[in-house]
2 protein chains.
Amino acid sequence: MGRTQSLTFSGRLAVVLVSTRNPLNIGAAARAMSNFGFSQLRLVDPYSPAFREAKSAVGASDLLAEAREYPSVAEAVADCAVVIGTTAGRNRQLRHEMVLLPNAVPRIRSEIASGVALLFGSEKRGLSNEDLSHCDWVLQIPTAAKNPSMNLGQAVAVCLYEMARDAKASGKIAARARASSADLNRLTATLLEALENSEYLTTSNTRSEERIRLFVRGLGLSPKDSQTLTGMVRHMLWKMRQSS
Amino acid sequence: MGRTQSLTFSGRLAVVLVSTRNPLNIGAAARAMSNFGFSQLRLVDPYSPAFREAKSAVGASDLLAEAREYPSVAEAVADCAVVIGTTAGRNRQLRHEMVLLPNAVPRIRSEIASGVALLFGSEKRGLSNEDLSHCDWVLQIPTAAKNPSMNLGQAVAVCLYEMARDAKASGKIAARARASSADLNRLTATLLEALENSEYLTTSNTRSEERIRLFVRGLGLSPKDSQTLTGMVRHMLWKMRQSS
């Protein structure tokens, strides 16, 4: 399931929230980290000292209690070899190399051994140029041009979901099993009888049998569904006969 | 960038929030929809009538103003052929087929032409069994076992990010048209009556209605097949009644 891999990976990734204003957003970021198996939360100069009580951190109060505070980005990322800024939308002019989130993860994985910091800016202004000057490259969440700016807690959730997203899990929808012809013929026969009995079919003839068989086959039933339907129709047939 | 295609895709997908308590979460869901280019928001029985003023809907106030309210899940999804429940975590015991989010999108794309509804349950309890009985399958966000339950706004953001993630990768499995939920509910109601009448079901209760609805949805009927079956069962029902 790639879960082990994801946990190892997540142990080396620090989420760094820079100058966050709303304690609820810190709580929401902590909750998302916990949801996707990340644990290292770092805060640079948060506006409210009350953030550790954030009620939005459902299931993540430990993580929040262990979050570390730093006076500057430089200190927060000191032990990380790779520092990545985040932004939403497409139109920001940056001097940095921009990598779309879906393409960013293989790159982050290849660098994770050295320690990676993922920086999120304040709700109002995002990351400043000074903040970005600590970054090696910028990860961009691809959002709509009409409303590119994301809520901080949602941006953290989306990035961490993508980090934990299992590349191996992709593909292959299992085909669903189909009822055998024998099953379908039993259903056809029962249905045909019930339809004659209920005067849905006025006459019994080869053509109507063919029509019903085609109809039944066209339903694309599973073995179980075919048997269940046969049972249902049999009951109705029994009831119709009993009372006529 | 596949944006045009993504918008076409998104135009056919309705986000349905069921019994949401916190107006901030409705606002957050609206914002995420707007971020990823989705527009159809539907609300089933929201707890607060004040949701349209949610301040968390930055850049999405139009979308929120146009959100439609419904008294029940059945009415909210009546025009959608495919209804998908959502859940986070791995351990929930469900009768439905579960598909992990990364694998869900090709499947949703293949069915998008018939209209797709994506259901999110309330903050506290998620989707109820009654809600789920309207669903064809369940999309599961792969979260950590230690803290599987996601914040609602973040869950919506993660799902819609994944939908918009790779517009180009759209699988083109020729889609067979699917019966609308309204059609399937008609069939369910008729079948339920017939099954009670024939004593296939001995008592009429909520659980049996849910079971039959799930069975009917699981058949994957086309609009025409659904109508034909409804007509057949109606005839049998008429016959049973006539003679009893």
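Residues numbered from 1 in each chain as written. Chains lettered and ligands numbered in written order. Predicted model: local features only at pLDDT ≥ 70, side-chain atom pairs only at ≥ 80, totals over all residues. Heavy atoms only, no water.

Q: Kindly report on the pattern of salt bridges, identifying the contributing residues and their values.
A: Residue and element names in this part refer to chain B. All told, the structure shown has 20 salt bridges over all chains when counted by the stated rule. Across the salt bridge formed by arginine 186 and aspartate 183, the nearest N and O atoms sit 2.9 Å from each other. With arginine 186 and aspartate 183 both in helix α8 (residues 181-197) and three residues apart, the pair spans about one turn of that helix. What you see here is one network of salt bridges that share partners, running through Glu111, Asp136, Arg178 and Arg217. (Salt bridge = Lys/Arg side-chain N within 4 Å of Asp/Glu carboxyl O. Helix = DSSP H or I, 4+ residues; strand = E, 2+ residues; numbered from the N terminus.)

Q: Before we move on, could you go through the interface of chain B and chain A and cite the residues and values that matter?
A: Interfaces are often sized by the accessible area lost when the parts come together. On the chain A side, the residues contacting the 61 residues of chain B number 63 residues. Summing the contributions of chain B and of chain A, the shared interface buries around 5,300 Å²; its carbon and sulfur component is 59%. Three residues stand out in chain B for area buried against chain A, namely B:Gln154, B:Tyr161 and B:Met236, and they jointly supply 12% of the buried area on that side. Here chain B is connected to chain A by four salt bridges. With a shortest N-O distance of 2.7 Å, A:Glu162 and B:Arg165 are connected by a salt bridge. One can count 28 residue pairs in polar contact (both at pLDDT 80 or more) joining chain B with chain A. With twelve residues, the single largest contributor to the side of chain B that touches chain A is helix α10 (residues 223-243) of chain B. Each residue belonging to the side of chain B that touches chain A can be placed in one class, and the counts come to 32 nonpolar, 19 polar and ten charged. (Contact = heavy atoms within 4.5 Å. Buried area = accessible area lost by both parts, 1.4 Å probe. Polar contact = N/O pair within 3.5 Å; in protein donor to acceptor, adjacent residues only side chain to side chain. Nonpolar A, V, L, I, M, F, W, Y, C, P; charged D, E, K, R; others polar.)

Q: Could you give an account of the packing of helix α2 (residues 23-35) of chain B against helix α7 (residues 152-165) of chain B, with specific residues and numbers?
A: Residues and elements named next belong to chain B. Closest axis-to-axis distance for the α2/α7 pair is 8 Å, and the angle between their directions is 15°. With respect to each other, α2 and α7 are oriented roughly parallel. As for the relative orientation of α2 and α7, their crossing is right-handed in sense. Within the contact between the two elements, α2 uses Asn25, Ala28, Ala29, Ala32 and Met33 and α7 uses Leu152, Gly153, Val156, Ala157 and Leu160. Among the residues forming the contact of α2 with α7, the class breakdown is eight nonpolar, two polar and no charged. (Axes fitted to C-alpha atoms, helices over the stretch in contact; angles between N-to-C directions. Parallel < 35°, antiparallel > 145°, perpendicular 65-115°, else oblique. Left-handed = near helix turned anticlockwise from the far one by under 90°.)

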